[in-house]
Amino acid sequence: LCSNLQPGLTRCTALACSAGRRASPSWALGLRGGRGFAAQIKASARVGKSRKQQGADVPLIRNIGIFAHIDAGKTTTTERLLLIGREIASPGNVDDGTTVMDFMPQERERGITIRAASAQVHWRNHQINVIDTPGHVDFAAEVERAVRVLDGAILVVDGARGVQPQTLKVWNVITKMGLPRLVFVNKLDREGASFEQAVESVVEKLKGTTFVCVQSVVEGSINAGGLIQGIGDVLTQRAFRFSGQHNLSVEEMEQDQHLAADLKAKRQALLEAVAEVDEETADKYLSGQAVSTEDFVDGLRRATLSTQVTPVLAGSALKGIGVHMLMDAVLAFLPAPTERPQPARQHFELSHKGKSKGPARKGAVHGHAAPTVVPTAVVIRASIDGKLGRTTTVRVYEGTLRKGLTLFNGTQKLDEKSISNIYYVQANELQPVNELSEGSIGVLTGPASARAGDTLHTRDPRPFELQGFQIPTTPVCFAPFSVDTVKEEHDLKSALEILELEDPSVGHVEDELTGQLLVSGSGELHLSVVLDRLRTDFGLIAHMGKLAVAMSQTPEQEVSGSKTHTITNQAGMALTVSMGMRIVPKPMLEPETDSRTWLKWEENEVDIAVKVPSDPRYDAPPAAAVEAIREAVHSVLTTSPVRGGRKGNMRVIGCEVFVDEILWSPAQSSAGAARACAAHLARELLLQSSMKVLEPVMEMELAVEQEYVGAIMNELHTTRRVAVREVSDGGQGVAAVSGTVPMSRLDGFASVVRTLSRGSAQLSLDRAGYHEVDSITAAQH
């Protein structure tokens with residue numbers, strides 16, 4: 001991957017592809033000779049400076065995310081990318097709380113990533129926009145939001161532990177979105193790490209692609225300064241070592257007989273794997289023609305972009321080994337924005353008052369079919385900045401956003417204020433620019449209503465929303481939050497509204513009976529971060545009460561009925577709508593193993609279908625009325641009248657709602673009447689239905705030193721009701737404990753585990769599904 005280096009040339013950070021050339025692999029230039037290396041370096045310096053000021057051409061942009069299980073080295077990898085790209089002078093350290101990407105006090109204190117942070121890296125005349133995502137399950141919604149605006153992904157795997165629970169979780173998210181990806185096996189400098197064993201774990205546990213090793217590890221020894229000495233490149237059959245300050249210098253190294261044989265064998269295996277899925281490579285390979293390195297790389301690129309093949313690389317981000325080659329692989333194998341399908345558009349019509357009349361019945365344009373360029377962006381995050389006010393982080397999908405442009409919010413169907421300023425984002429630093437071009441990620445000030453997932457575009461005769469960016473949020477637990485004075489109660493609510501704007505997975509509701517303010521989130525850690533931010537960001541001395549689980553309920557049998565409902569408008573006119581509705585239990589997913597006893601549905605735990613009547617005797621309700629019905633049913637399911645409605649936490653899941661009949665009169669009906677009718681009917685049907693009460697069940701993975709296993713197992717069995725599935729040898733004197741645990745038993749669990757293991761245990765939790773609870777447990781919630 002670094003074969004443009006010649007013997008004696010020790011620095012590779014300044015080398016670049018020829019200006020204007022297709023995004024060809026950097027090592028191909030060295031093989032072909034091309035123009036002299038000195039000329040390349042000078043051209044790179046000139047073009048790189050220009051790119052930083054003006055933004056790169058779209059084919060030279062890479063929008064990638066870095067994903068991993070917690071503590072696999074994801075943020076450290078990002079720091080090294082920034083260092084090698086010369087965006088920072090020295091690398092930060094997660095343990096010391098000095099990283100650029102983890103800039104929040106809560107992140108530095110805990111040593112974890114909480115908010116997906118983005119930064120730019122300029123490398124070989126390209127602009128790489130990197131998003132570093134959280135690895136903890138409590139912040140999985142951040143991963144979901146980030147992956148929707150990316151074009152490619154790097155999955156970081158711990159070389160000593162292999163695939164871990166959250167590794168599998170984020171892999172499934174990446175796969176679901178169809179992102180081309182690379183796997184980077186990290187921490188190979190550590191004792192007990194093994195590239196081969198980590199790759200075996202990847203192949204065994206991650207599905208949906210063929211994994212191919214494009215590198216070999218040149219092993220060293222602890223006495224020689226580390227367990228990894230260098231990296232062998234399978235494509236070019238060359239090996240490299242890293243030296244100098246922060247290992248920024250790269251030089252070719254001699255190969256012994258074992259390494260040469262390993263590289264040769266892996267090249268043959270790689271060639272066969274690519275030929276299996278790439279027709280051009282297969283034609284040359286099967287006809288006996290020699291496949292040049294350049295053709296080989298092109299074939300591997302096509303196979304990677306199709307997601308049929310995933311290259312696996314090796315290194316140690318902390319030591320700076322292999323990261324240069326990882327950056328080359330990003331350029332070579334991951335797509336530019338123009339190589340990814342455009343999001344589908346849902347067009348709608350606006351009334352003369354500017355309000356939505358609902359989806360257009362004809363002529364919806366999808367993909368690249370738009371006849372004119374309409375500057376369009378999707379909101380990644382909205383937040384409130386102490387100096388700039390409301391800021392909106394966006395990814396541009398079409399055209400160019402410039403200062404002064406007035407935008408329309410295609411999701412909320414309203415006009416936004418014009419763009420006042422534009423910035424490139426570098427973690428917590430903002431760099432002013434004049435425009436954001438297609439494929440770029442940046443920050444706007446001006447728009448005042450946009451939220452995460454919203455579509456922003458310039459005013460167009462046929463307004464639209466880009467599909468696939470709205471993410472439903474499901475609370476896992478909640479806790480009462482309080483302050484000491486009446487004045488602070490108002491400040492607390494205002495602060496929570498700001499935090500909810502930044503993180504839609506946070507919510508709050510006031511208990512109608514007790515008056516308590518209940519804050520919901522994705523887990524105990526998530527709520528503790530909310531509490532911390534109230535104190536540090538807003539100066540509120542807030543208190544959090546006992547954690548409670550967000551119970552759910554699901555119907556046991558189908559219920560159906562019909563209703564006619566009348567409302568009176570301001571003019572005193574009666575408006576009537578009649579409809580029929582069914583609520584049906586939704587089929588559950590089949591158990592993945594014979595031992596699984598919990599309940600689980602596919603991604604959409606609730607489906608709402610409104611059928612437009614085909615009977616010619618009746619008028620079809622307008623799109624606004626259909627949308628009002630959907631919203632009403634969704635609201636009822638979210639705060640069910642059956643149990644727990646006063647706390648707002650007993651939502652209904654695992655069902656399908658069908659509105660099969662609507663009697664509508666244009667002169668005597670309205671969207672408001674339709675909304676009221678649907679809400680009343682849904683409540684009545686739920687009250688008729690027999691319901692199961694469900695509690696979330698968490699998948700638990702615990703790595704603990706052998707000497708603490710006894711105390712930990714006693715806690716798991718006696719206090720936490722953990723169904724331990726397996727206790728295995730995790731290597732290096734560590735036991736790996738896996739099982740499932742009810743969410744209600746997790747209050748303070750992480751703190752107890754840390755205490756019993758003297759801070760050495762690593763705990764990870766992920767949602768497994770639900771289980772039915774008894775009436776006593778249900779009554780307590």
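Please refer to the structure placed before this passage.
Here goes a summary of the coordinates provided. Being a predicted model, the structure only gives us computed values, none of them experimental.

**Notes on the nonpolar core**
If you look at the biggest cluster of nonpolar residues, it comprises 49 residues, and the most contacted ones within it are Ile128, Ile154, Leu182, Leu270, Leu300 and Phe333. Among the elements that make up this core, the one with the highest residue count is helix 11 (residues 323–333) (eight residues). Counting residues in each nonpolar core, the second largest holds 44 residues, with Val183, Val185, Phe464 and Leu466 among its members.

**A word on the sheet that holds strand 35 (residues 655–663)**
A sheet is described by the order of its strands in space; here four strands give the open sequence 31-32-35-33, paired in mixed fashion. Two strands in the sheet have a free side with no partner beyond their single neighbour: strand 31 (559–568) and strand 33 (606–610). Adjacent strand axes in the sheet meet at a mean angle of 20°, parallel and antiparallel pairs treated alike. In the sheet, strand 33 pairs with strand 35 via five bridges, with the strands oriented parallel. Its bridge partner lying in strand 35, Ala609 is registered against Phe658. In this fold helix 14 (residues 623–638) packs onto strand 32 (574–585), strand 33 and strand 35, with an angle of close to 150° to the strand it touches most, strand 33.

**Here we look at unusual backbone geometry**
With the exception of glycine, most residues fall at negative phi, and the peptide bonds are largely trans. One non-glycine residue with positive phi stands out, namely Arg124, at about 50°. Considering the arrangement of structural elements, one finds Arg124 in the loop between strand 2 (117–123) and strand 3 (126–132). Even without a glycine there, the phi angle at His246 is positive, about 60°. Locating His246 in the fold gives a position in the loop between strand 9 (238–243) and strand 10 (249–253).

**With respect to the pattern of salt bridges**
The full count for this structure, using the stated rule, is 27 salt bridges. A salt bridge links Arg302 to Glu280; the nearest nitrogen and oxygen atoms lie 3.6 Å apart. One end of the pair, Arg302, is in helix 10 (residues 293–305); the other, Glu280, is in helix 9 (residues 279–286), and 22 residues separate them in sequence. Given a relative accessible area of 32%, Arg302 falls into the partly exposed group. A relative accessible area of 52% places Glu280 in the exposed class.

Thresholds, definitions, all that
- Residues numbered from 1 in each chain as written.
- Predicted model: local features only at pLDDT ≥ 70, side-chain atom pairs only at ≥ 80, totals over all residues.
- Heavy atoms only, no water.
- Core = buried A, V, L, I, M, F, W, Y, C linked by side-chain atoms within 4.5 Å.
- Buried < 20%, exposed > 50% of the residue type's maximum accessible area, 1.4 Å probe, protein only.
- Helix = DSSP H or I, 4+ residues; strand = E, 2+ residues; numbered from the N terminus.
- Pairing = 2+ DSSP bridges.
- Axes fitted to C-alpha atoms, helices over the stretch in contact; angles between N-to-C directions.
- Contact = heavy atoms within 4.5 Å.
- Salt bridge = Lys/Arg side-chain N within 4 Å of Asp/Glu carboxyl O.

Limitation: the analysis is restricted to geometry and does not speak to function.
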